[in-house]
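Residues per chain, in single letters:
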Amino acid sequence: MTIDRVSRSRMTVAPLEEFLKKPPVGFSVESFGSGYRVHSDAETSLVLIDDLDSCRGKIVFQNSLGRKVKMQNLWEYTSMRNSLLSKRIYVLVSACEEICSASNKKAASEVRVLQQYVVSIDGNDPFIRWQMVKGLDWTISSVAGESYRVDVDLTEPLESWAEKNTHVISDKPIKPVWTDASFTLKYYSDALFDFPHWFGFSRRKFKVI
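A quick note: this is a predicted structure, and the numbers were derived from the prediction, not measured.

Procedures and definitions
Residues numbered from 1 in each chain as written. Predicted model: local features only at pLDDT ≥ 70, side-chain atom pairs only at ≥ 80, totals over all residues. Heavy atoms only, no water. pLDDT = per-residue confidence, 0-100. Helix = DSSP H or I, 4+ residues; strand = E, 2+ residues; numbered from the N terminus. Buried < 20%, exposed > 50% of the residue type's maximum accessible area, 1.4 Å probe, protein only. Contact = heavy atoms within 4.5 Å. Pairing = 2+ DSSP bridges. Axes fitted to C-alpha atoms, helices over the stretch in contact; angles between N-to-C directions. Phe/Tyr/Trp six-rings, centres within 6.5 Å; stacked < 30°, edge-to-face > 60°. Salt bridge = Lys/Arg side-chain N within 4 Å of Asp/Glu carboxyl O. Arc of directions from axis to C-beta. Polar contact = N/O pair within 3.5 Å; in protein donor to acceptor, adjacent residues only side chain to side chain.

Undergrad: Before we go on, may I ask you to explain the confidence of the model for the protein in this structure?
TA: Mean pLDDT for the protein: 85, with 82% of residues reaching 70 or above. The least confident element of the protein, judged by mean pLDDT, is strand β1 (residues 4-6) at 47; the most confident is strand β5 (residues 45-47) at 98.

And the structure:
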């Protein structure tokens with residue numbers, strides 16, 4: 001299974017297994033007794049992937065900030081913003097099949113993971129950079145100095161990619177459900193009474209690509 005590229009300069013989609021076998025430029029993979037350790041160049045790559053357990057053992061991403069990034073002051077926010085707008089961003093997503101319960105159609109459907117992919121987007125690409133700046137600025141202006149959480153959503157480009165690569169994801173002609181197709185920025189202000197954040201009113205979301 002080969003790495004698929006969606007506009008090489010903007011987004012790449014690689015099965016996790018292949019990413020480990022043939023890591024991209026700036027990455028190296030070290031195997032150890034119980035799994036793999038993935039090294040990356042922090043100067044050019046922003047890895048937002050949590051460590052995970054797989055059928056091949058534990059996979060640890062060195063230099064990763066994790067899917068949910070916490071910022072507690074203006075310096076940390078500025079540093080994170082600069083990274084988002086200048087580096088290639090890596091996240092781990094899952095293509096899933098929705099499974100409905102035959103015995104209880106009203107019950108919430110479950111999903112079965114078909115394949116995991118390492119997705120990267122180029123934060124320095126003019127179009128992605130414009131979207132990111134617009135989303136970040138909108139978030140800040142809408143929360144007025146409060147603590148906030150913002151989800152950066154990549155679902156739409158993955159759905160577009162899946163339409164052209166259904167045969168890669170599954171042997172069956174299905175439309176996959178994407179999970180974990182986002183990363184989250186959490187900013188904590190020093191406001192004494194941060195009511196909007198406490199009650200979940202300062203949660204935001206914007207889409208990229």
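Undergrad: What exactly am I supposed to notice about the environment of Tyr90 here?
TA: Structurally, Tyr90 is set in strand β9 (residues 88-99). Its relative accessible area of 6% is what places Tyr90 among the buried residues. In sequence terms Tyr90 and Met11 are 79 residues apart; their C-alpha atoms lie 9.7 Å from each other. Filtering out sequence-adjacent residues up to four positions away, Tyr90 remains in contact with Phe19, Pro24, Phe27, Ser45, Leu46, Val47, Leu48, Ile49, Val118, Val119 and Ser120.

Undergrad: Just checking my understanding: could you explain the sheet that holds strand β13 (residues 182-187) for this structure?
TA: The strands that make up a sheet pair up through hydrogen bonds in the backbone, lying either parallel or antiparallel. Taken in spatial order, the four strands of this open sheet run β8-β13-β11-β14, and their pairing is mixed. Each of the sheet's edge strands pairs with one partner strand only, and the pair in question is β8 (68-71) and β14 (203-207). With direction set aside, neighbouring strand axes in the sheet form an average angle of 20 degrees.

Undergrad: Quick question: what am I supposed to make of the packing of aromatic side chains here?
TA: What describes a pair of aromatic rings is the distance from one ring centre to the other and the angle between the planes of the rings. Enumeration over the complete set of coordinates arrives at nine aromatic pairs. Aromatic rings pair up to connect Phe19, Phe27 and Tyr90 into one cluster.

Undergrad: Looking at this structure, how should I read the pattern of salt bridges?
TA: Where charged atoms from two side chains of opposite charge come close, those side chains can pair. Within the structure shown, the criterion is met by eight salt bridges. For Asp125, the salt bridge identified is with Arg10, shortest N-O distance 3.2 Å. Of this pair, Asp125 sits in the loop between β10 (110-122) and α3 (126-143) while Arg10 sits in the loop between β1 and β2 (11-15); the two residues are 115 residues apart in sequence, bridging distant segments of the chain. When its relative accessible area of 7% is taken as the criterion, Asp125 is described as buried. For Arg10, a relative accessible area of 30% corresponds to the partly exposed category. Note that Arg81 is salt-bridged to Asp137, the shortest N-O span being 2.8 Å. Note that Arg81 is positioned in helix α2 (residues 74-84) and Asp137 in helix α3, a separation of 56 residues in sequence.

Undergrad: Just checking my understanding: could you explain α2 for this structure?
TA: Each α-helix winds once per 3.6 residues, and so residues spaced three or four apart point in a common direction. Those residues of α2 not exposed but buried are Tyr77, Met80, Arg81, Ser83 and Leu84. Down the axis of α2, the buried side of the element spans an arc of 160 degrees, and every buried residue falls inside it. Those residues of α2 that are exposed and aimed more than 90 degrees away from the buried face are Leu74 and Trp75. Capping the start of α2, Asn73 holds a side-chain oxygen 3.2 Å from the backbone nitrogen of Trp75, two or three residues further along.

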